[in-house]
Amino acid sequence: MRNPKAILITGASSGIGAALAREYAGPGVTLFLGGRNAERLAAVARACTAQGARAETAAVDVVDSAAIAAWIAGADSRAPLDLVIANAGVSAGTGTAGEPLGQAQRIMAINVDGVINTVHPALERFAGRPGSGVKGQIAIMSSLASFRGFAGAPAYCASKAAIRNYGEGLRNAYARAGIGVSVICPGFVRSGMTARNEFAMPFLMEAEDAARIIRRGLARNRGRIAFPWQMYAAAWLVQALPPWTTDRFMRGLPAKASDDRS
Ligand SMILES: NC(=O)c1ccc[n+]([C@@H]2O[C@H](COP(=O)([O-])OP(=O)(O)OC[C@H]3O[C@@H](n4cnc5c(N)ncnc54)[C@H](OP(=O)(O)O)[C@@H]3O)[C@@H](O)[C@H]2O)c1
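Since this is a predicted model, take the numbers as computed values, not measurements. (Residues numbered from 1 in each chain as written. Predicted model: local features only at pLDDT ≥ 70, side-chain atom pairs only at ≥ 80, totals over all residues. Heavy atoms only, no water.)

**Overview of the site of the ligand**
Taken together, 31 residues surround the ligand, and among them Ser13, Arg36, Tyr156, Val189 and Ser191 come closest. At 2.7 Å from an oxygen atom of the ligand is found a main-chain nitrogen or oxygen belonging to Ile16. Burial of the ligand by the protein amounts to 94% of the accessible area it has alone, namely 880 Å². Mapped onto the shell around the ligand, the elements with two or more residues apiece are helix 1 (15-24), helix 5 (154-174) and helix 6 (192-195). Among the elements that make up the shell around the ligand, the one with the highest residue count is helix 6 (3 residues). Within the shell around the ligand, the residues separate by chemical class into 13 nonpolar, 14 polar and 4 charged. (Near = heavy atom within 4 Å. Polar contact = N/O pair within 3.5 Å; in protein donor to acceptor, adjacent residues only side chain to side chain. Areas by Shrake-Rupley, 256 points an atom, 1.4 Å probe, with all protein chains shown as cover. Helix = DSSP H or I, 4+ residues; strand = E, 2+ residues; numbered from the N terminus. Nonpolar A, V, L, I, M, F, W, Y, C, P; charged D, E, K, R; others polar.)

**Topic: helix 3 (residues 65-78)**
Spanning 14 residues, helix 3 covers 20 Å between terminal C-alpha atoms, matching the ideal 20 Å at 1.5 Å per step. Within the span of helix 3, buried status applies to Ile68, Trp71, Ile72, Gly74, Ala75 and Asp76. Those residues of helix 3 that are buried lie in contact with strand 1 (6-9), strand 2 (30-35), strand 3 (54-59) and helix 4 (101-127). (Expected span 1.5 Å × (residues − 1). Buried < 20%, exposed > 50% of the residue type's maximum accessible area, 1.4 Å probe, protein only. Contact = heavy atoms within 4.5 Å.)

**Regarding the packing of helix 4 against helix 5**
Viewed as axis vectors pointing N to C, helix 4 and helix 5 meet at an angle of 15°, and their least axial separation amounts to 8 Å. Accordingly, the angle class assigned to the pair helix 4 and helix 5 is roughly parallel. The two elements helix 4 and helix 5 cross, and the hand of that crossing is right-handed. Contacts between helix 4 and helix 5 involve Ala104, Ile107, Met108, Asn111, Val112, Val115, Ile116, Val119, His120 and Leu123 from the former and Ala155, Tyr156, Ala158, Ser159, Lys160, Ala162, Ile163, Tyr166, Leu170 and Tyr174 from the latter. When grouped by side-chain class, the residues that make up the contact of helix 4 with helix 5 number 16 nonpolar, 3 polar and 1 charged. (Axes fitted to C-alpha atoms, helices over the stretch in contact; angles between N-to-C directions. Parallel < 35°, antiparallel > 145°, perpendicular 65-115°, else oblique. Left-handed = near helix turned anticlockwise from the far one by under 90°.)

**Description of the environment of Arg215**
Take Arg215: it is sitting in helix 7 (residues 207-219). In this structure Arg215 touches Asn3, Glu23 and Tyr24, once residues within four positions along its chain are discounted.

**Structural notes on the nonpolar core**
Counting 32 residues, the largest nonpolar core has Leu20, Leu31, Leu33 and Ile85 as the members making the most contacts within it. Those elements that place two or more of their residues in this core are strand 1, helix 1, strand 2, helix 2 (38-50), strand 4 (83-86), strand 5 (136-141), helix 7 and strand 7 (224-227). With residues up to four places along the chain from it excluded, the contact list for Ile85 reads Ile7, Leu8, Ile9, Thr10, Leu20, Tyr24, Ala139 and Leu218. By size, the runner-up hydrophobic cluster in this structure holds 29 residues, among which are Ala6, Val115, Leu170 and Ile179. (Core = buried A, V, L, I, M, F, W, Y, C linked by side-chain atoms within 4.5 Å.)

**Quick look at the packing of aromatic side chains**
Throughout the structure, instances matching the rule amount to 2 aromatic pairs. Look at Phe147 and Tyr232: their rings are 5.8 Å apart centre to centre, the planes differ by 50°, and that puts the pair in the tilted class. Residue Phe147 is found in the loop between strand 5 and helix 5, and its partner Tyr232 is found in helix 8 (residues 229-240); the two are separated by 85 residues along the sequence. Residue classification places Phe147 among the buried positions, given a relative accessible area of 6%. Above the face of the Phe147 ring, Arg164 is positioned so that its terminal group lies 3.9 Å from the ring centre. (Phe/Tyr/Trp six-rings, centres within 6.5 Å; stacked < 30°, edge-to-face > 60°. Lys NZ or Arg CZ within 6 Å of the ring centre and 35° of its normal.)

**Examining the sheet that holds strand 5**
Read across the sheet, 7 strands follow the order 3-2-1-4-5-6-7 without closing on themselves; strand pairing throughout is parallel. Single-partner strands in this sheet number two, and they are strand 3 and strand 7. Sheet twist, expressed as the average angle between the axes of neighbouring strands with direction ignored, equals 15°. Sheet contacts for helix 1: strand 1, strand 2, strand 4, strand 5 and strand 6 (179-186); angle to strand 1, the most-contacted strand, approximately 170°. Against the sheet, helix 4 touches strand 4, strand 5 and strand 6, its axis set at about 170° to strand 5. (Pairing = 2+ DSSP bridges.)

**Brief notes about the state of the cysteines**
A disulfide bridge is the covalent bond that connects two cysteines by way of their sulfur atoms. Across all of its chains, the model carries 0 disulfides by this definition. For Cys185, which is in no disulfide, the shortest distance to another cysteine sulfur is to Cys157 and amounts to 12 Å. You can call Cys185 buried: its relative accessible area is 0%. (Disulfide = S-S within 2.5 Å.)

**Some thoughts on a positive patch on the surface**
Residues Arg2, Arg216, Arg220 and Arg222 make up a contiguous surface patch of positive charge. Topologically, Arg2 is positioned in the segment before strand 1. (Patch = residues over 30% accessible without salt bridge, like charges linked within 9 Å, V, L, I, M, F, W, Y side chains within 5 Å. Salt bridge = Lys/Arg side-chain N within 4 Å of Asp/Glu carboxyl O. Lys, Arg positive; Asp, Glu negative; His and termini not counted. Charge placed at Lys NZ, Arg CZ, Asp CG, Glu CD.)

**Observations regarding the environment of Ala38**
Structurally, Ala38 is set in helix 2. Here Ala38 falls in the partly exposed class, since its relative accessible area comes to 47%. When the C-alpha atoms of Ala38 and Ala59 are compared, they prove to be 5.6 Å apart, with 21 residues separating the residues in sequence.

**As for the pairing of strand 4**
The two faces of strand 4 match: Leu83 and Ile85 on one face and Val84 and Ala86 on the other face are all buried. Where strand 1 meets strand 4, 3 bridges bridge the pair, whose relative direction is parallel. Looking at strand 4, one finds that Ile7 is bridged to Leu83. Here strand 4 runs beside strand 5; their pairing, made up of 4 bridges, is parallel.

Just distances and angles here, no functional claims.
Right under this line is the structure:
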């Protein structure tokens, strides 16, 4: 959709989600912004309102499928949604001691189940709309880390690979029903998530620049919005080559810190 008028974004309280909210904010646009931190969400909503948008916030955890479904249904009945962006996600890695079980489970619950919890109710609402035109659009926030499992963040890479494949499947399953599905695969973007990284992040970009690229890709209904191209080319290459040719290189890459909670 070129100019979506009602947009719901999960993980809108910071980073890329907040930048997307500000990117779409403008007169005639209604934004439904979700996240767990009500204070940060309110600040994003204020910025969007200052740009002329109408913004509603909801402190909802994407792991809570009933709460997310109720939020999406309520939003859609107040302003029929054009675009739902399943952006919320967390990342953590092995650090020096390996990945704790609880952390791996948490990453999967938020990054995989959380996306499914968001996408399903949106698909249901869109599919139930009468007529044969464009019924709605869904964007799923994967990552360039989805193309190969990194030793330093196995669960994170796996979670992003799962939702990339999920989105790619949905795209072709729902194309004839008039529902667009796009998968977004950013490289390194400056946010709370990358602020914790102590290693060099090639081609690190600002969240505002990422939001502009994502908006452009969604307006063209691109199936895969992957950027920056240099990192995409590298990710594509390590995925395409036989593992034995790249294993040594992959083992030498730095690990992301663990979140140390389990
Ligand atoms: N930054 C990068 O380099 C990069 C690259 C590729 C992909 N991504 C993906 O982009 C997405 C956004 O990340 P970011 O970089 O913008 O990081 P961020 O600033 O840490 O934002 C993450 C967002 O997800 C929300 N969130 C986390 N757990 C949640 C939960 N259980 N329920 C609801 N909301 C939750 C957070 O809100 P609350 O804390 O308020 O809940 C926050 O708004 C993630 O899916 C990430 O994997 C990021």
